[in-house]
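Remarks on the overall topology
As a plain string of letters, each chain reads:
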Amino acid sequence: MPFQMFRNLFGSRIARIVDYRLDERTRGVLQDFETRIDELEHCTVDHRRRLAETDEKLDTALGDLRWIRGELDRMIPHVAAQEEQLETLREKLAMTPRTDDAGALEARSLVEEIQRQHAQIRVRLAGMARYEERLSRLEDAKLTPAQ
């Protein structure tokens with residue numbers, strides 16, 4: 001029995017020394033690992049959140065893309081019909097004979113003069129509309145009390 005008591009006493013002392021030395025040497029390393037693990041957990045949570053946001057945005061973009069594709073598919077026949085009509089008009093214009101008839105030339109010049117005058121009138125009317133709008137805004141500003 002005395003040997004066993006000596007062994008227990010000596011063994012427990014050696015175990016405490018070994019534990020102390022191990023704890024002393026690994027304390028900083030374990031704290032560094034714990035800090036790093038906490039940091040990585042926070043990064044993982046942030047990455048998961050950002051991934052979820054990106055998935056939502058991607059789903060929205062896919063929905064928009066599907067809608068745009070549907071609209072494009074719907075509009076393509078209309079555009080094709082318009083192009084066909086334009087081509088028909090070009091063919092009609094190409095088939096119209098060019099005449100040197102003085103009456104046709106005079107009529108053409110009158111049409112061009114009327115178109116030019118209409119353009120001038122549109123410009124003047126647009127200017128008058130802007131002037132009236134500006135005048136209306138100034139009158140409203142003058143009549144509205146300052147706050």
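Our subject in this report is the structure included herewith. Each chain carries its own residue numbering, running from 1 in the written order of its sequence. It should be noted that, the model being predicted, local features are given only for residues of pLDDT at least 70 and side-chain atom pairs only at 80 or more, the latter also being counted only at that level, while totals for whole chains, interfaces and linings use all residues. Think of the side-chain values as coming from all heavy atoms in the structure, minus any hydrogens and water.

**Here we look at the overall build of the protein**
Basically, it comes down to this: Note on conventions: DSSP H or I runs of at least 4 residues are helices, E runs of at least 2 residues are strands, and numbering of each starts at the N terminus. Burial status follows relative accessibility: with a 1.4 Å probe on protein chains alone, a residue under 20% of its type maximum counts as buried, one over 50% as exposed, and anything between as partly exposed. Here the Shrake-Rupley method, with its probe set to 1.4 Å, supplies the accessible areas, and only the displayed protein chains count as covering residues.
Across its full length, the protein carries 2 helices and 0 strands. Expressed as a percentage of its 147 residues, the buried residues of the protein come to 0%. With an accessible surface of roughly 14,500 Å², the protein has 60% of that area assigned to carbon and sulfur atoms.

**Concerning the pattern of salt bridges**
Selection rule: Salt bridges are defined as contacts in which a side-chain nitrogen from Lys or Arg sits within 4 Å of a carboxyl oxygen from Asp or Glu.
In the structure shown here, the tally under the stated rule is 9 salt bridges. Between Glu-39 and Arg-36 there is a salt bridge, and its shortest N-O distance comes to 3.7 Å. Highlighted residues: Glu-39 and Arg-36, both in helix H1 (residues 2-95), separated by 3 residues, approximately one helical turn. Its relative accessible area of 45% is what places Arg-36 among the partly exposed residues. Between Glu-53 and Arg-49 there is a salt bridge whose closest N-O contact spans 2.9 Å. Of this pair, Glu-53 and Arg-49 both sit in helix H1, 4 residues apart, roughly one helical turn. Under the relative-accessibility criterion, Glu-53 is labelled partly exposed at 37%. Residue classification places Arg-49 among the partly exposed residues on the basis of a relative accessible area of 43%.

**A word on a nonpolar patch on the surface**
The test is simple: The patch calculation keeps residues exceeding 30% relative accessible area without a salt bridge and links them within 9 Å when they carry like charges or within 5 Å when they are nonpolar (Val, Leu, Ile, Met, Phe, Trp, Tyr).
Together, Phe-10, Ile-14, Val-18 and Leu-22 make up a nonpolar patch on the protein surface, roughly 360 Å² of accessible area in all. By the secondary structure assignment, Val-18 is in helix H1. Judged by relative accessible area, which is 41%, Val-18 ranks as partly exposed.

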